[in-house]
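Coordinate analysis (summary)
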Amino acid sequence: MKGLGIDLCGIDRIERAIAQNDRFLERWYTPAERAYIHSRGNAGAQSAAAMFAAKEAFLKALGAGIGQGITLAQISVEHDALGAPHYALTGAAQQRLLELGAKQAWLSLTHENGMAAAVCVIE
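This report concerns the structure included in the present document. (Residues numbered from 1 in each chain as written. Predicted model: local features only at pLDDT ≥ 70, side-chain atom pairs only at ≥ 80, totals over all residues. Heavy atoms only, no water.)

**Points about the side chain of Glu-33**
- Relative to the helices and strands, Glu-33 is located in helix H3 (residues 31-39).
- The class of Glu-33 is buried, set by a relative accessible area of 0%.
- Among the polar contacts made by the side chain of Glu-33, one reaches the side chain of Lys-55 at a distance of 2.9 Å.
- With sequence-adjacent residues up to four places away left out, Glu-33 is seen in contact with Trp-28, Met-51, Lys-55, Ile-75, Ser-76 and Val-77. (Helix = DSSP H or I, 4+ residues; strand = E, 2+ residues; numbered from the N terminus. Buried < 20%, exposed > 50% of the residue type's maximum accessible area, 1.4 Å probe, protein only. Polar contact = N/O pair within 3.5 Å; in protein donor to acceptor, adjacent residues only side chain to side chain. Contact = heavy atoms within 4.5 Å.)

In structure tokens:
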């Protein structure tokens, strides 16, 4: 194992950010993520919060933070045909993973009682 990260995000916080700032989704989420969030209807904020937590968990697993050359747009959360989440990395995020000698970043998401959580394991 090369890294482990976990993050927790309040769904209501993301819901308020989406409602108050038209550009919030554009700033922090990729086009694929935004399409997924919009496809979830009323559960969109829940999905957005889980994705935000996933991005933060990835940065923690790397031992990095926002502002250290990796943008959240370089860390995309996508879903396979069965709905399982996985990372799609680009730019500095992908480069940093390779520099660690890692082969993959695993992702698990959950949400319950107004909170969304993500765990990232880099191996």
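**Brief notes about the packing of H3 against helix H4 (residues 44-62)**
- Viewed as axis vectors pointing N to C, H3 and H4 meet at an angle of 145°, and their least axial separation amounts to 7 Å. Between H3 and H4 lies a crossing whose hand is right-handed. Facing H3, whose interface residues are Glu-33, Tyr-36 and Ile-37, H4 presents Gly-44, Ser-47, Ala-48, Met-51 and Lys-55.
- Of the residues assigned to the contact of H3 with H4, the class counts are four nonpolar, two polar and two charged. (Axes fitted to C-alpha atoms, helices over the stretch in contact; angles between N-to-C directions. Left-handed = near helix turned anticlockwise from the far one by under 90°. Nonpolar A, V, L, I, M, F, W, Y, C, P; charged D, E, K, R; others polar.)

**Remarks on the nonpolar core**
- Residues Ile-14, Tyr-29, Phe-58, Ile-75, Tyr-87, Cys-120 and Ile-122 are the most contacted members of the largest nonpolar core, which totals 38 residues.
- Discounting residues that sit within four places of it in the chain, Ile-14 has contacts with Cys-9, Phe-24, Tyr-29, Ala-45, Ala-48, Ala-49 and Phe-52. (Core = buried A, V, L, I, M, F, W, Y, C linked by side-chain atoms within 4.5 Å.)

**Observations concerning the side chain of Ser-76**
- The topology assignment puts Ser-76 in strand E2 (residues 75-79).
- Those residues within four positions of Ser-76 in sequence are excluded, and the remaining contacts are Thr-30, Glu-33, Lys-55, His-86, Tyr-87 and Ala-88.

**Overview of the packing of aromatic side chains**
- Here the structure, examined in full by the defined rule, presents three aromatic pairs.
- Relative to Tyr-87, the ring of Phe-58 lies with its centre 5.2 Å away and its plane at 50°, an arrangement referred to as tilted. Separated by 29 residues along the polypeptide, Phe-58 in helix H4 and Tyr-87 in strand E3 (residues 85-89) bring together distant segments of the chain. Of the two residues, Phe-58 and Tyr-87, both sit in the buried class. (Phe/Tyr/Trp six-rings, centres within 6.5 Å; stacked < 30°, edge-to-face > 60°.)

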